[in-house]
Amino acid sequence: QAATYYDYPIRQAIRAFKHHEDMTKLPLLIHILRQLPRPQGCHRDNSVIVAMPTTNQRLVKRGFDPVSILAAQLSKHWQIPLWNGVERIDNTVSQQGLTRAERLSNLNNAFVLTETPPVKRLLLFDDVATTGASLQALGRALYKPATNTASASSLPINRHHLSAYALAHGSQYR
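The structure reproduced in this document is the subject of the present report. (Residues numbered from 1 in each chain as written. Predicted model: local features only at pLDDT ≥ 70, side-chain atom pairs only at ≥ 80, totals over all residues. Heavy atoms only, no water.)

Observations regarding the packing of helix H2 (residues 26–33) against helix H4 (residues 66–78)
And then number 1: Here H2 crosses H4 at 50°, and the two axes come no closer than 10 Å. Between H2 and H4, the angle falls in the class oblique. Between H2 and H4 lies a crossing whose hand is right-handed. Only Ile-69, Leu-70, Gln-73 and Leu-74 of H4 make contact with H2, whose side of the interface consists of Leu-26, Leu-29, Ile-30 and Leu-33. (Axes fitted to C-alpha atoms, helices over the stretch in contact; angles between N-to-C directions. Helix = DSSP H or I, 4+ residues; strand = E, 2+ residues; numbered from the N terminus. Parallel < 35°, antiparallel > 145°, perpendicular 65-115°, else oblique. Left-handed = near helix turned anticlockwise from the far one by under 90°. Contact = heavy atoms within 4.5 Å.)

Printed below as a string of structure tokens:
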């Protein structure tokens, strides 16, 4: 589910915030984000928000993580905690400008689970979902057992309920 479409003027506001650290766009983006209804039955005791992880390279290049900033605002709005038990591997390229097929193959094994999710309901969040490839890849990683937890091998696979949310989705004209 997305709050709006990735079209003018929202596209320009997201790009200015994401690529130029233009914090004057943040109030508008938070207002849009608050249009997402809290998922039914989800609350702080049974759900967590999983922000789309960024690569270390992108974090160094940008100097900040725009998705984490937006996810923190969503967490505050929904009163559902953030959970950071997934990492993005640095060997992927940006999804921007890639075809759907390239996006899907670019993200094979792009995420690794570093700890076991504390609850069953995982609310995945990204700023822009064009094809949904990033959210799908993140979801696949969450279905795998954690790599560095002692109890990972004893956990049942597919025990989580996943939902995906984005600030903006594709384009209404495509």
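A few points about the layout of surface pockets
And then number 1: By volume, the second largest pocket is sized at about 230 Å³.
And then number 2: Top element by residues in the lining of the second largest pocket is strand S3 (residues 86–88). It accounts for three residues. (1 Å grid on protein atoms, 1.4 Å probe; cavity = no way out; pocket = protein on both sides within 12 Å on 5 of 7 lines; lining within 4 Å. Points joined across faces, edges and corners; volume = space filled by probe spheres on them.)

Section: the packing of aromatic side chains
And then number 1: Counted according to the given criterion, the structure contains two aromatic pairs.
And then number 2: With a centroid separation of 5.6 Å and 85° between ring planes, the pair formed by Phe-17 and Phe-64 is classed as edge-to-face. Of the two residues, Phe-17 sits in helix H1 (residues 10–20) while Phe-64 sits in the loop between helix H3 (56–62) and H4, which places them 47 residues apart along the sequence.
And then number 3: The class for Phe-17 is buried, based on a relative accessible area of 1%.
And then number 4: We classify Phe-64 as buried; its relative accessible area is 9%.
And then number 5: When the ring of Trp-78 is compared with that of Tyr-165, the centres are 5.3 Å apart and the planes differ by 80°; the resulting orientation is edge-to-face. Of this pair, Trp-78 sits in helix H4 while Tyr-165 sits in strand S6 (residues 161–169), and the two are 87 residues apart along the sequence. For the pair Trp-78 and Tyr-165, a shared accessibility class is recorded, and that class is buried. (Phe/Tyr/Trp six-rings, centres within 6.5 Å; stacked < 30°, edge-to-face > 60°. Buried < 20%, exposed > 50% of the residue type's maximum accessible area, 1.4 Å probe, protein only.)

What to know about H4
And then number 1: Helix length check: H4 (13 residues) gives 18 Å between terminal C-alpha atoms against 18 Å at 1.5 Å per residue, within 8%.
And then number 2: Taken together, the buried positions of H4 are occupied by Pro-66, Val-67, Leu-70, Ala-71, Leu-74, Ser-75 and Trp-78.
And then number 3: Buried residues along H4 sit against H1, H2, strand S2 (47–51), H3, strand S5 (121–129) and S6.
And then number 4: Once H4 ends, the next one or two residues include Gln-79, with phi positive near 60°. (Expected span 1.5 Å × (residues − 1).)

Some details on the sheet that holds S5
And then number 1: Reading across from one edge, S1-S6-S5-S2 is the order of the four strands in this open sheet, with parallel pairing throughout. Looking at which strands have only one partner, the edges of the open sheet turn out to be strand S1 (2–5) and S2. Strand-to-strand twist of the sheet, defined as the mean angle between neighbouring strand axes without regard to direction, takes the value 25°.
And then number 2: With eight bridges connecting them, S5 and S6 associate as parallel partners. Note on S6: the bridge partner recorded for Leu-123 is Ser-163.
And then number 3: Packing of H1 onto the sheet brings it into contact with S1, S5 and S6, and relative to S5 it is tilted by some 100°.
And then number 4: Along the sheet, helix H6 (residues 133–142) contacts S2, S5 and S6; its crossing angle with S5, the most-contacted strand, is approximately 155°. (Pairing = 2+ DSSP bridges.)

A few points about the pairing of S6
And then number 1: Where S1 meets S6, three bridges bridge the pair, whose relative direction is parallel. Residue pairing across strands places Tyr-5 opposite His-169, the latter belonging to S6.

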